[in-house]
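Report on the structure
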Amino acid sequence: MITLNINTKNYEVDVDPNTPLLWVLRDHINLVGTKYGCGVAQCGACVVHLNGDAVRSCVTKVSRAAGQQVVTIEGLSASNDHPLQKAWMELDVPQCGYCQAGQIMSAAVLLRENPNPTDEDIDNAMEGNICRCGTYLRIQKAIHLAAEMQRKGQ
Amino acid sequence: MHAKFLIVITALITVTGFITSGFTINEASINDESKKTHPDNTVKSDSAASAKAFLQVYKVLMSPRCMNCHPAGDIPLQGDDSHLHTMSPKRGKDGHGLYAMKCTNCHQPTNTPGMHTPPGNPKWALPPSDMKMVFQGKTARQLALQIRDYNQNGHKNKQQLLEHARDTLVKAGWNMGEGRPAPPLSYSAFLKAWDTWIDKGLYAPVK
């Protein structure tokens, strides 16, 4: 049995320690907001926070997460009211939406470490998150808006 | 008069020695440093054997398995053609990446199974931004001079350089996951060449 702390809640899961964290989240804990994209850490759809870092859960073995703090898109905020989530809705960022959970989780790390990012900072943080619909410009705009909301305490 | 003559001869020999060996102040300081920590070091210096051994070392250091994480720019290299790493992750101040693009977000403590998956090691990182330890584009001479320089090699003295070749991240060059050829020398041949280069005096090849 492996003990996981996900979105501040403890879970005991009976899985092979080599199982990717993504499949434990989706298939065993039923947190399906985190998406499978490429399976080889190339696209960013599966990003979750492991002790605050934006790890790719498709290549992160569940054993690495044992006893650590995991946050998924479902736990980013109490009522979907993280500044990024509000900005995403305000600017209607998603098109198909498949990559957006990963996009938001990556952007959340950026805003925590840099509350006032430039366009270049955003590029540096978000280069590893691919969007087939090409919503990049709206993502960039929404990150700026979320940064502003965060600075104003909204 | 006799004493004066001896001093002049000694000075001439010393100066000639430095010119022929290509030693710098930095080299002298690294040797001083190692002497402090290893007073019993009695291995004899041999410029020809040392420089020859470094040419073997150089083949390994310039292989993609080593050079890809010692790039001239701030983006690591990738693949056997050493192209810029897809997704353009940046070095960051400490060499561990930036924001959501930190090395260990994808590179796990061990290799991820399968082709085209991220190789892994617990220490995965680039050199830090204040000492980039660039391999890419360096000649054998330039790289030897850099590695033996305490102020350019991550502040390693002679003993620490010897130990560095035994480091888990260096060894990982020979275990980079499926589809990635190892460096051109075996690990044991590399280790032998590395130790010879250092033990025989850290001499830089002519070119």
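Here, the structure is the one placed above.
Now for a description of the structure that goes with this document. Computed from a predicted structure; not experimentally measured. (Residues numbered from 1 in each chain as written. Chains lettered and ligands numbered in written order. Predicted model: local features only at pLDDT ≥ 70, side-chain atom pairs only at ≥ 80, totals over all residues. Heavy atoms only, no water.)

1. A look at the packing of aromatic side chains
Residues and elements named next belong to chain B. This model, assessed by the stated rule, comprises seven aromatic pairs over all chains. Aromatic side chains Phe-54 and Trp-197 sit 4.7 Å apart centroid to centroid with 50° between the ring planes, which places their arrangement in the tilted category. Of this pair, Phe-54 sits in helix α3 (residues 47-61) while Trp-197 is found in helix α9 (residues 187-199), placing the two residues 143 residues apart along the sequence. Given the relative accessible area of 0%, Trp-197 is considered buried. Residues Trp-174 and Tyr-187 carry aromatic rings whose centres are separated by 5.2 Å and whose planes lie at 70° to one another, so their mutual orientation is edge-to-face. With Trp-174 in the loop between α8 (168-171) and α9 and Tyr-187 in helix α9, the pair connects residues that are 13 residues apart, well separated along the chain. Grouping residues by exposure puts Trp-174 and Tyr-187 together as buried. Here the aromatic cluster, defined as three or more aromatic residues joined through ring pairs, consists of Phe-54, Trp-174, Tyr-187, Phe-190, Trp-194 and Trp-197. (Phe/Tyr/Trp six-rings, centres within 6.5 Å; stacked < 30°, edge-to-face > 60°. Helix = DSSP H or I, 4+ residues; strand = E, 2+ residues; numbered from the N terminus. Buried < 20%, exposed > 50% of the residue type's maximum accessible area, 1.4 Å probe, protein only.)

2. A few points about the pattern of salt bridges
Under the defined criterion, the tally for this structure stands at nine salt bridges over all chains. Its salt-bridge partner being Glu-148 of chain A, residue Lys-152 of chain A comes within 2.9 Å of it at the nearest N-O pair. Lys-152 of chain A sits in the exposed class, given a relative accessible area of 55%. As a salt-bridge pair, Asp-195 of chain B and Arg-166 of chain B come within 2.7 Å of each other at their nearest N and O atoms. Pair noted here: Asp-195 of chain B is in helix α9 and Arg-166 of chain B is in the loop between α7 (158-164) and α8, with a separation of 29 residues, a long-range link. Relative accessible area serves as the criterion here: at 17%, Asp-195 of chain B is assigned to the buried category. A relative accessible area of 37% places Arg-166 of chain B in the partly exposed class. (Salt bridge = Lys/Arg side-chain N within 4 Å of Asp/Glu carboxyl O.)

3. Notes on the state of the cysteines
In this structure the tally under the stated criterion is zero disulfides over all chains. The cysteine Cys-106 of chain B is free of any disulfide, with Cys-58 of chain A supplying the nearest cysteine sulfur at 7.9 Å. Assessed through its relative accessible area of 13%, Cys-106 of chain B is described here as buried. (Disulfide = S-S within 2.5 Å.)

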